[in-house]
Amino acid sequence: MSLRPTEAVPARTGTSLLYALLAQLRQYTDGVNLGRGDPDFATPSHILDAVRAALDAPERELGDASRLRANLCEAIAARLRRINGIQVDPQTEIVLTQGGQEALFLMVQTALAPGDEVLVPEPNYNTYADAIRFAGAVRVPVATSVEEHFAVDPEKVRAAITPATRAIVMVSPNNPSAAVLSPDQVKALAALAEQHDLLVLADDIYDRFLYDGAVHTSPASLPGMKARTLTLNALSKAYAMTGWRLGWVAGPAPLMAQLRRVKEATSGGVSTLSVRAGIAALTGPEEPLLEMHAAYTRRRRIVLDALDSAGFRYGIPQGGQFVLADMRRLGLSSLDLARRILEETHVLIYPGVSFGEAWDGFMRITFLQPEPVLQDALARVVHALSALG
Ligand SMILES: Cc1ncc(COP(=O)(O)O)c(C=O)c1O
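Predicted model, so just to flag it, every value in this text is computed and none were measured.

### Let's talk about the sheet that holds strand S9 (residues 313-314)
Part 1: Pairing in this open sheet of four strands is antiparallel, and the strands run S9-S10-S13-S12 from one edge to the other. Whereas interior strands pair on both sides, the edge strands pair on one side only; in this sheet they are S9 and strand S12 (350-351).
Part 2: Sheet topology note: the S9/strand S10 (residues 322-326) ladder contains two bridges and is antiparallel. Considered in S10, the bridge of Arg313 is made with Asp326.
Part 3: In the packing of helix H11 (residues 287-310) onto the sheet, the strands contacted are S9, S10 and strand S13 (362-366), and the crossing angle to S10 comes to about 10 degrees.

### So, the site of the ligand
Part 1: Close contacts around the ligand come from 14 residues, with Gly99, Gly100, Gln101, Ala234 and Ser236 the closest.
Part 2: Here the shell around the ligand takes four residues from helix H5 (residues 99-111), the largest share from any one element.

### Details of the sheet that holds strand S6 (residues 199-203)
Part 1: What the seven strands build is an open sheet, ordered S2-S8-S7-S6-S5-S3-S4; its pairing is mixed. Edge positions in the sheet fall to strand S2 (94-97) and strand S4 (138-143), since each of these pairs with one other strand and no more. Ignoring strand direction, the axes of neighbouring strands in this sheet form an average angle of 20 degrees.
Part 2: Relative to strand S5 (residues 165-171), strand S3 (residues 117-122) runs parallel, the two being bridged by three bridges. From the neighbouring strand, Glu117 faces S5, where its bridge partner is Thr165.

### Some remarks on the domain arrangement of the protein chain
Part 1: Domains assigned within the protein chain are domain 1 (5-43 + 287-386) and domain 2 (45-283).
Part 2: A straight line from the C-alpha centre of domain 1 to that of domain 2 covers 24 Å.
Part 3: Counting residues at the interface gives 35 residues for domain 1 and 39 residues for domain 2.
Part 4: A per-element tally of the side of domain 1 that touches domain 2 places H11 first, with six residues.
Part 5: Taken together, the residues of the side of domain 1 that touches domain 2 sort by class into 18 nonpolar, 12 polar and five charged.

### Regarding the pairing of S2
Part 1: With burial as the criterion, each face of S2 is covered, one bearing Ile94 and Leu96 and the other bearing Val95 and Thr97.
Part 2: With four bridges connecting them, S2 and strand S8 (residues 247-250) associate as antiparallel partners. Paired with Ile94 across the bridge in S8 is Ala250.

Rules used in this analysis
Residues numbered from 1 in each chain as written. Predicted model: local features only at pLDDT ≥ 70, side-chain atom pairs only at ≥ 80, totals over all residues. Pairing = 2+ DSSP bridges. Helix = DSSP H or I, 4+ residues; strand = E, 2+ residues; numbered from the N terminus. Contact = placed C-beta atoms within 7 Å. Axes fitted to C-alpha atoms, helices over the stretch in contact; angles between N-to-C directions. Near = placed C-beta within 6 Å. Domains from an automatic or database assignment. Nonpolar A, V, L, I, M, F, W, Y, C, P; charged D, E, K, R; others polar. Buried ≥ 20, exposed ≤ 12 C-beta atoms within 10 Å, placed from the backbone.

Here is the structure:
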């Protein structure tokens, strides 16, 4: 008897491994989470105000809910035009989702059938591996290296293409490597997709977090690419709205019609309160987002300085909210290292192995804590690591 997809996804890898470390962290009163992926900032006040106002003037459930969702899709279409250079029809080419996570899952289930191969530059956000297994598809990793700051080499992607290849995943800025695909890399990968008739699964969730002049290019903005690209995004990172669970997928109408059917069968529409919040976020002032970006820029420097002082190599983060550091010289598995750091310093740093076996010995440090907390936690970690060699 063959395994059902739920049984085929191993329980102790990826996400569940991280949950075990988080449970241990919660036991310490002075614990600091530098593993977390959710922003530490509060959701900006104008967004909360909009939701408060809505609670005082309750809408008629059905009629108003669909009008509100249509308004949000208009705002998302405007954002896609302005930030990403992608033109979409808000009615037929956007589906609202419960955060980026559901967007990712729906995107993968829509694009891939059992047996399809999908090219995934790695390291990569661990949920992709799970979603690909659920689809019964085959993940074909394309390696990057710390020496090249985790840059994706389009020639390596080309070499991995077979007649069974159906799609390429492009997460830029990437989680956990924080590498950003340059405009030339995106063009080269898009050309491969056209030549070999592949779909592109683009994850733009960190597109507002760029450093040192890095430029973000959405694959669907290139001529001819919209027809073969699904693009996901969410409010969680840019607006500190993880708990509001609001994201979306945008893409060509025929694929989006399929995606919508899966969405409607699984969880129906997204919550009306989150839709209110989303409209306020996307149509309101940008200052809160820019202030958060400025804070992340300062914190990034603090993390890089700590790693430099301890002599660890890392991929220079061009985007995102984290650094992937190479700690292989300590000779411990990254899970043992994460446990040891957690026990000795009460600081949680994510083990690279949670992003795939090949990344054992690497550690992901996020900068989603206030500066003094970050300074103190890193001093504890650097001290503990210096005893290890
Ligand atoms: C690359 C990437 N895509 C999607 C997600 C899911 O985002 P959300 O928190 O909106 O579910 C994450 C979350 O960390 C991510 O890093």
